[in-house]
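# Structural overview
In case you want the letters, here they are:
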Amino acid sequence: MRIHVFIVLAALLLASCGPSATPTATQPQTAAPEPAVSITFWHGQSGVLGDRLNELIAKFNSTHKVQVTGQFQGTYDQLYQKVVSAIQAGSVPDMAMVSGPPQTAQYLKAKAIVPVQQFVDSPDGLSKDQLADFVPALLDDNSLPVNGKKTLVSWPFSKSDALLYYNPDILKTAGVSVPKTWDELRTALQTVKAKTTATPLSYTPDVYYFFLPYLWSQGGDALSADLSKAGFNTPQGIAAVQYQVDLALADKTAVITQGFDWQNPFAQGKVAFAVSTSVSRPFIEQAMPADKKFRVGMAPLPAGPKGASTDLFGNNLVIFSKAPADDQRGAWLFMKWLTETDQTVAWSLASGYMPLRDSARNSTAFKSAADQDDRLLVAINALKDAHGIPGSPDWQKIQPVLGDMVTKALLGQANAKDAIAEAEKKVNDILSGY
Amino acid sequence: MRASRRRREALEGYLFLAPALLIIGAFHIWPALYAFYMSLFRWEILQEGFLGIGNYLRLVRDADFLRSLAITAVYVGGTVPLEMAVGLGLALLLHQRLRLRGLFRLVYFLPYVTSQVAVGLVWSWVFNPTYGVANGILEGIGIPAQRWLLEPRGIVAAGAPPSLALAAVMLVTIWYFVGFHAVVFLSGLTAIPDELVDAARIDGAGGFRLFRHITFPLISPTTYFLLLVATIGAMTSFNLVYVLGGGGQAFGCAGNPLGTTQVAALYVFDRFWCQTQLGYASAAAFVLGLVVLAITVANERLFARRVVYVG
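Note that this is a predicted model, so its numbers are computed, not measured.

### Re the overall build of chain B
A tally of helices and strands in chain B yields 13 helices and two strands. Each principal axis of the C-alpha distribution contributes one length, and for chain B these read about 85 × 70 × 30 Å. Burial analysis of chain B (311 residues in total) assigns 37% to the buried set. Contacts in chain B between residues at least 24 apart in sequence constitute 64% of all its contacts with a sequence separation of at least 6.

### Some details on the packing of helix H3 (residues 63-95) of chain B against helix H10 (residues 220-235) of chain B
All names here are of chain B. Viewed as axis vectors pointing N to C, H3 and H10 meet at an angle of 145°, and their least axial separation amounts to 9 Å. Along this stretch, H3 crosses H10, giving a crossing that reads as right-handed. Side by side, H3 and H10 meet where Thr-72, Tyr-75, Val-76, Thr-79, Val-80, Glu-83 and Met-84 of the first sit next to Leu-226, Leu-227, Ala-230, Thr-231, Ala-234 and Met-235 of the second. Looking at side-chain class alone, the contact of H3 with H10 contains nine nonpolar, three polar and one charged residues.

### Observations regarding the interface of chain A and chain B
On the chain B side, the residues contacting the 22 residues of chain A number 18 residues. At the level of secondary structure, the elements contributing two or more residues to the side of chain A that touches chain B comprise helix H3 (76-89) and helix H19 (395-410) of chain A. Looking at the side of chain A that touches chain B element by element, the count peaks at seven residues for H19(A). Taken together, the residues of the side of chain A that touches chain B sort by class into eight nonpolar, nine polar and five charged.

### Considerations on the domain arrangement of chain A
Residue and element names in this part refer to chain A. Annotation of chain A at the domain level lists domain 1 (2-159 + 313-387) and domain 2 (161-311 + 391-431). The gap between the C-alpha centroids of domain 1 and domain 2 is 29 Å. With 20 residues of domain 1 at the interface, the matching set in domain 2 holds 23 residues. Of all the elements in the fold, those that place two or more residues in the side of domain 1 that touches domain 2 are helix H4 (101-109), helix H18 (376-382) and strand S15 (386-387). Top contributing element to the side of domain 1 that touches domain 2 by residue count: H4, with six residues.

### As for the environment of B:Gly54
All names here are of chain B. Counting through the fold element by element, Gly-54 comes out in helix H2 (residues 54-60). A count of 18 C-beta atoms within 10 Å places Gly-54 in the partly exposed class. With 47 residues separating them in the primary sequence, Gly-54 and Arg-101 have C-alpha atoms 57 Å apart.

### Thoughts on the environment of B:Leu278
Residues and elements named next belong to chain B. Tracing the chain through its elements places Leu-278 in helix H13 (residues 278-303). Expressed as a C-alpha distance, the spacing of Leu-278 and Leu-288, which sit ten residues apart in the sequence, is 15 Å. Those residues in contact with Leu-278 that lie beyond four places of it in its chain are Met-38, Trp-43, Glu-44 and Phe-272.

### Describing the domain arrangement of chain B
Residues and elements named next belong to chain B. Domain boundaries assigned for chain B yield domain 1 (2-39) and domain 2 (56-306). Domain 1 and domain 2 are separated by 33 Å when their C-alpha centres are compared. Taken together, the contact between domain 1 and domain 2 spans four residues of the former and six residues of the latter. The residue inventory of the side of domain 1 that touches domain 2, partitioned by class, reads three nonpolar, one polar and no charged.

Each value, and the rule that gives it
- Residues numbered from 1 in each chain as written.
- Chains lettered and ligands numbered in written order.
- Predicted model: local features only at pLDDT ≥ 70, side-chain atom pairs only at ≥ 80, totals over all residues.
- Helix = DSSP H or I, 4+ residues; strand = E, 2+ residues; numbered from the N terminus.
- Buried ≥ 20, exposed ≤ 12 C-beta atoms within 10 Å, placed from the backbone.
- Contact = placed C-beta atoms within 7 Å.
- Axes fitted to C-alpha atoms, helices over the stretch in contact; angles between N-to-C directions.
- Left-handed = near helix turned anticlockwise from the far one by under 90°.
- Nonpolar A, V, L, I, M, F, W, Y, C, P; charged D, E, K, R; others polar.
- Domains from an automatic or database assignment.

Okay, structure coming up:
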């Protein structure tokens, strides 16, 4: 553990002091002088990540006229609840983290945020080339239709994606290689069950970790393209539920857990496979017994007929419309700085989130860290297959319906087809505005 | 002359009342009025169209809301009488001249002074299907392990409340509140005049007859008080059910599994905070408030006349 911290610190030092391999973003010609404003930034990063974020903020403040105050507001859910309350009270901060497109869509619908696009296009913004340096999936994740036009409404910051975790020792004992498709995973789980005493798969049937990636890998989707209707009552949707039912009820190779309850048994070496985001690794390593450490295996989620797919986790940044124009501009300058190559490399190596730009992936600091540990690249390589969570402002009402649908099927209370049909009706009711 | 003195006295009275009124006004009455206002609108993040009683009409047809009322009824019916009965039993025991009586009083009261959230977290470990103590005990005596808080199946009939999850929550609720009932009953017992008990004994009463004709009637003010407080508390209970129902977990908002622990207060929370239907949730909160009021009035009609005050 101590060594791990040391490596991270060393990498941070490298990232902040070493010369950067690629030029960082430079200001386009006619930008107005930087405003001397104070920016309030509500975020959801605590513990080590909170400290690292505060260090970044301090670094920004020491070199800029814009002064940022970061305020920790609790978990993403609490942060969201506070923002909703702040919107009611009319006293929002200048900028905040959001956990994904559905919340951004809600804020946008309430006209509480200004689309980031206007700053990207401004003299303070980014050139085409600079924008092209960002991973396209991340820009998509931050875009929503505004007046029928795809628009950047928020800005990427801490991004991770869902991956397959495995215990290489158990796989070796069972004589199983890392599965590349869902079918291979099912067979691998059966082999692990037959040849070892380990739990083949321990997972929480969250729609994000399993249902959606599986659905996408079959070519299906949760909602129709215009987000106006349920889109999962299809053979692909039924397959996405049935697959989990097969594992849990027919093969009995999957143990269903709640929340992060799979993490400890996995860390204790009792579980062969798990599904979680790239950020889970430090938590797993921390929970490992000192005398039974193993190298946590990470691989992309298995592929379906339409290739592999994963979904984006983490957070994006938004600017509130109630903030004065200068504050908005200051907030944008901070966001832009935060995602410049040097900072995104530093943040990525410190946090386990992914670097957001190609130049960051190719930077010396990141490359040397990846040379030491190729697992850093697993999440990044999966990025090209990443989907954002559907950007519907009603997603919060839809997600529990999908969760209940999967739970019902996994408990054998309904077959996959009936569970899907029932959920489809509920989702369509929600989307039609009840 | 006299009128002005009375006015001054009244003014003083209001002055003394002012701090409390201000707090109650600002944090109870004003929010309640504002919630009622919100309940008349379609109000997600921001105020949208005026619906009048539209939200209320939708509630009456909302299967999830009606289910949450049914779950609340089961929860109240399954916890309050048991809490009171066990609490009274304990109080009678603790009223005897026992050794270590003070220690026992402390032990039984201890859960009640512990944070409900902490209690909820500890019990959710106990009921954890993978590493919980509850399954360890079951397996020790040869009963198959249960999924406890993750089990939506009913314990009486498959589809009817309470689910095993809700039953587990009810058990924890009873465990938590028994000490409170015991202590309040105990104070009721100590208030019974000794001479009445002695007189009854001289008349030949003892054991159950003494309890039936002297003790029980004379603690009726305490019983009535506890019934009211416990019923209102259970109908609006939130913390324990929220934590034990997986609230705050990544998976689902509150009232897991499959909504079978979603009591009415959790329904309100879920619609307000997790689904951001502020107007609709406010309407649900109002209906819940009216139901609580109706039951309190019913309690009074049914039981107030039977209360005996000795002073």
